[in-house]
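Chains, contacts and geometry: an overview
Okay, here's what each chain looks like letter by letter:
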Amino acid sequence: MARHTLIQLSGYMAFMSVLVKEKQCPVIPFLVIDHLSKPFSDDNKKAVGNIMEEFYRNISKDDVQIFMFDDKEPSLLGIVPDHCEQLRKLNKTGFNPFYYGN
């Protein structure tokens with residue numbers, strides 16, 4: 001399942017890259033990801049961060065907004081968010097990194 005999730009994430013980000021770069025159709029460059037870490041073991045969670053890092057080499061953080069909701073810390077996924085809000089409540093936990101330019 002982890003491999004499938006990485007392929008799917010790569011596909012979404014590649015498609016978003018093309019849409020943003022070509023500027024041929026109106027698009028809201030916004031991606032929301034929920035519980036991305038679930039299918040991953042402790043050994044392969046950092047692959048998510050590698051994919052996002054590569055995505056942001058091709059697209060500026062000013063051009064795309066990504067929201068992630070997860071119960072794992074961003075660092076466990078290899079992600080260094082520009083902004084992170086802890087959304088911990090009684091029965092719910094998660095993080096929500098907001099990527100944006102300075």
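Source: prediction; values computed, not measured.

Within the secondary structure layout, Ser37 lies in the loop between β1 (30–34) and α2 (47–58). Residue classification places Ser37 among the buried residues on the basis of a relative accessible area of 2%. Separated by 2.7 Å, the side chains of Ser37 and Asp70 make a polar contact. Setting aside anything within four residues of it in sequence, one finds Ser37 in contact with Lys45, Asp70, Asp71, Lys72 and Leu77.

With that out of the way, let us pick up the pattern of salt bridges. This model, assessed by the stated rule, comprises four salt bridges. Residue Asp42 is joined to Lys45 by a salt bridge in which the shortest nitrogen-to-oxygen separation is 3.3 Å. One salt bridge in this structure joins Lys61 and Asp82, with 3.2 Å as the shortest N-O distance. Taken as a pair, Lys61 in the loop between α2 and β2 (65–69) and Asp82 in the loop between β2 and β3 (83–86) lie far apart in primary sequence, 21 residues in all. What makes Lys61 partly exposed here is its relative accessible area of 28%.

Rules behind the numbers
Residues numbered from 1 in each chain as written. Predicted model: local features only at pLDDT ≥ 70, side-chain atom pairs only at ≥ 80, totals over all residues. Heavy atoms only, no water. Helix = DSSP H or I, 4+ residues; strand = E, 2+ residues; numbered from the N terminus. Buried < 20%, exposed > 50% of the residue type's maximum accessible area, 1.4 Å probe, protein only. Polar contact = N/O pair within 3.5 Å; in protein donor to acceptor, adjacent residues only side chain to side chain. Contact = heavy atoms within 4.5 Å. Salt bridge = Lys/Arg side-chain N within 4 Å of Asp/Glu carboxyl O.

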